[in-house]
Amino acid sequence: MSSFSSLQPTTTPPPPAATRTSLLPYHCAHQLSFSSFPAQRLHSGRRHRFRVRAIDAAQPYDYEAHLVNRFTQSTKLKIAIVGFGNFGQFLAKAFVRQGHTVYAHSRSNYQSIAQSLGAAFFSDLHDLCEQHPDVILICTSIISTESVLRAMPLQRLRRNTLFVDVLSVKEFPKNIFIQHLPNHFDILCTHPMFGPESGKHSWQNLPFVFDKVRIGDEESRVARVEAFLDIFKKEGCTMVEMTCAEHDKYAAGSQFITHTMGRILEKLELESTPINTKGYETLLNLVENTASDSFDLYYGLFMYNKNAMEQLERLDLAFEALKKELFGHLHEVLRKQLFGKAEEGGFRRPMLAKLPKNGTPLLPPQSETLSNKSN
Ligand code: NAP
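Residues numbered from 1 in each chain as written. Predicted model: local features only at pLDDT ≥ 70, side-chain atom pairs only at ≥ 80, totals over all residues.

### Some details on the overall build of the protein
Right, on to step 1. A count of helices and strands for the protein gives twelve helices and eleven strands.
Right, on to step 2. Taken across its 375 residues, the protein has 25% of its residues classed as buried.
Right, on to step 3. Sequence-distant contacts, at least 24 apart, represent 68% of the contacts inside the protein between residues at least 6 apart. (Helix = DSSP H or I, 4+ residues; strand = E, 2+ residues; numbered from the N terminus. Buried ≥ 20, exposed ≤ 12 C-beta atoms within 10 Å, placed from the backbone. Contact = placed C-beta atoms within 7 Å.)

Structure below.
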């Protein structure tokens, strides 16, 4: 580090830590102040010591700026996105904008798209891994993730590389990471709860779920995870730390239902009208937000979240219950017309019992879950 310092003979005690170094992080400042050189005897016979006085003395070029630049670089990550489709490209834009180095790999050739986004594309996974990225970000479809992970030449990566995923289900990637990655790799499971449509203008206040599944104790490894999470904090996301199991429970009741409703409505081919209500606009937006996602994504939400099946059954039950309530009501009106007062007191409109709470086992549909005493 002596090359960053100006050397001047002095008899005065060393100055307090140079204020100019306050721009620099602790470790840089520390490196700047350690230069102490053996005492030298000058012509006067007095002992002089060479000391660092300042780092802003005339230099061939601005070393301080150079150091600040080096620090900035040290907080930047080399992120390799594996799966450079819709969502991978969407994330890459933010990473590049924040100054991170982005490498990309996909089974399709996205060379020119990557180039236009400021990322380097590697069609060969081996070449990608030999770049020694800090982070491998798995951004493939849920259903292809395991085969992609199996095909990774892990031996070409630096030990303790950080593996991150952004899959819309969480227990599944957590389990396959633990199963396939040697202990010396770090694991962070995440789910940005937004996509290229819902997050196209801003990520402000959009939830970002994460679970630090396995992170080594070393300071640099902890700092690397924080640097990655910082990307989303800087974009204004609401950071939510929760276990993968908790995520899947919540997501089945919210995200899977949302996507299912969006896809059902899409099948109805809803169209905008000159008299759209706010509610109807919401439905049109829902279709737009969900139908642009691939069917693979939706299928993955169903197949790889063990809570999804229950939600599908609840939807079925709820729809049947609603129909029963409507038809029951109609039935009552018709009977009144047919039999007049003769039946008064003898007939009661079928009542819709509430569905059991989320998470409680559903009884078979034939049972009296929906108590319809008059049927
Ligand atoms: P997707 O259909 O779920 O995934 C597409 C990506 O998977 C593409 O990169 C594609 O590569 C790759 N892929 C598909 N089949 C493959 C196979 N057999 N082998 C290797 N790669 C394969 O759509 P997506 O929207 O881009 O989502 C990517 C991931 O992000 C998913 O895990 C999803 O759950 C998650 N996510 C998406 C959103 C969203 O709003 N879209 C939000 C949060 C999280 P090629 O393009 O090269 O074929």
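That covers the picture; the talk isn't over yet.
### What about the packing of helix H9 (residues 244-267) against helix H12 (residues 308-339)?
Right, on to step 1. Direction vectors running N to C along H9 and H12 enclose 60°, while the axes themselves pass 10 Å from each other. Relative to H12, the element H9 is oriented oblique. Like other packed secondary-structure pairs, H9 and H12 cross with a definite hand, here right-handed. Contacts between H9 and H12 pair Ala 252, Gly 253, Phe 256, Ile 257 and Thr 260 from the former with Ala 308, Gln 311 and Leu 315 from the latter.
Right, on to step 2. Within the contact of H9 with H12, the residues separate by chemical class into five nonpolar, three polar and no charged. (Axes fitted to C-alpha atoms, helices over the stretch in contact; angles between N-to-C directions. Parallel < 35°, antiparallel > 145°, perpendicular 65-115°, else oblique. Left-handed = near helix turned anticlockwise from the far one by under 90°. Nonpolar A, V, L, I, M, F, W, Y, C, P; charged D, E, K, R; others polar.)

### Quick look at the pairing of strand S9 (residues 186-192)
Right, on to step 1. Here S9 lies mainly inside the structure; seven of its seven residues are buried.
Right, on to step 2. Inspection of the sheet shows strand S8 (residues 162-165) paired to S9 by four bridges, in the parallel sense. Its bridge partner lying in S9, Leu 162 is registered against Asp 186.
Right, on to step 3. As for the winding sense of the linkage, the β-α-β connection from S8 through helix H7 (residues 171-180) to S9 is right-handed.
Right, on to step 4. Inspection of the sheet shows S9 paired to strand S10 (residues 207-214) by six bridges, in the antiparallel sense. Note that in S10 the partner of Pro 192 across the bridge is Phe 208. (Pairing = 2+ DSSP bridges. Right-handed = clockwise from strand over helix to strand, strands pointing away.)

### A word on unusual backbone geometry
Right, on to step 1. In this model, Asn 160 sits at a positive phi of 65°, which is unusual for a non-glycine residue.
Right, on to step 2. Within the secondary structure, Asn 160 is located in the loop between helix H6 (145-150) and S8.
Right, on to step 3. Despite not being glycine, Asn 205 shows a phi value in the positive range, around 65°.
Right, on to step 4. Of the residues examined, Asn 205 has 8 C-beta atoms within 10 Å and is grouped as exposed.

### Considering the site of the ligand
Right, on to step 1. In the vicinity of the ligand lie 25 residues, with Gly 85, Ser 106, Ser 144, Gly 195 and Ser 294 positioned nearest.
Right, on to step 2. Looking at the shell around the ligand, the elements with two or more residues in it are helix H3 (86-97) and helix H11 (295-303).
Right, on to step 3. A per-class count over the shell around the ligand returns nine nonpolar, 13 polar and three charged.
Right, on to step 4. A domain split of the shell around the ligand shows at least three residues from each of domain 2 (76-244) and domain 3 (249-308). (Near = placed C-beta within 6 Å. Domains from an automatic or database assignment.)

### With respect to the sheet that holds strand S6 (residues 120-121)
Right, on to step 1. What the eight strands build is an open sheet, ordered S6-S5-S4-S7-S8-S9-S10-S11; its pairing is mixed. At either end of the open sheet lies a strand with only one pairing partner, and these are S6 and strand S11 (238-241).
Right, on to step 2. Across the sheet, H7 is in contact with strand S7 (135-138), S8, S9 and S10; its angle to S9 comes to roughly 165°.
Right, on to step 3. Packed onto the sheet, helix H8 (residues 219-234) meets S7, S8, S9, S10 and S11 and runs at close to 10° relative to S9.

### A few points about H9
Right, on to step 1. A rise of 1.5 Å per residue sets the reference length of H9, with its 24 residues, at 34 Å; its end C-alpha atoms lie 32 Å apart and thus fit the reference within 8%.
Right, on to step 2. Taking the largest bend as the criterion, H9 deviates by roughly 50°, centred on Ala 251.
Right, on to step 3. Listed in full, the buried residues belonging to H9 are Cys 244, His 247, Asp 248, Ala 251, Ala 252, Gln 255, Phe 256, His 259 and Gly 262.
Right, on to step 4. Among the structural elements, H7, S9, S10, helix H10 (278-291), H11 and H12 are those in contact with the buried residues of H9.
Right, on to step 5. At the C-terminal side of H9, Glu 269 shows a positive phi close to 50°. (Expected span 1.5 Å × (residues − 1). Bend = angle between axes of the 7 residues up to and from the residue.)

### Describing the packing of H9 against H11
Right, on to step 1. Orientation of H9 relative to H11, taken along the N-to-C sense of each, is 135°, at an axis distance of 10 Å. On the basis of the axis angle, H9 is oblique to H11. Here H9 and H11 pass one another in a crossing that is left-handed. When H9 is examined against H11, the residues Gln 255, Phe 256, His 259 and Arg 263 are found in contact with a partner set consisting of Tyr 298, Leu 301 and Phe 302.
Right, on to step 2. In terms of residue class, the contact of H9 with H11 is made up of four nonpolar, two polar and one charged.

### Here's the deal with the pairing of strand S4 (residues 78-82)
Right, on to step 1. Taken across its five residues, S4 has four buried, putting it largely inside the fold.
Right, on to step 2. Relative to strand S5 (residues 101-105), S4 runs parallel, the two sharing five bridges. Bridge pairing links Ile 79 to Val 102 in S5.
Right, on to step 3. Of the crossover connections in this fold, the one passing from S4 over H3 to the parallel S5 is right-handed.
Right, on to step 4. Here S4 pairs with S7 via four bridges, running parallel. Residue Val 82 lies in a different strand from S7, and its bridge partner there is Ile 138.

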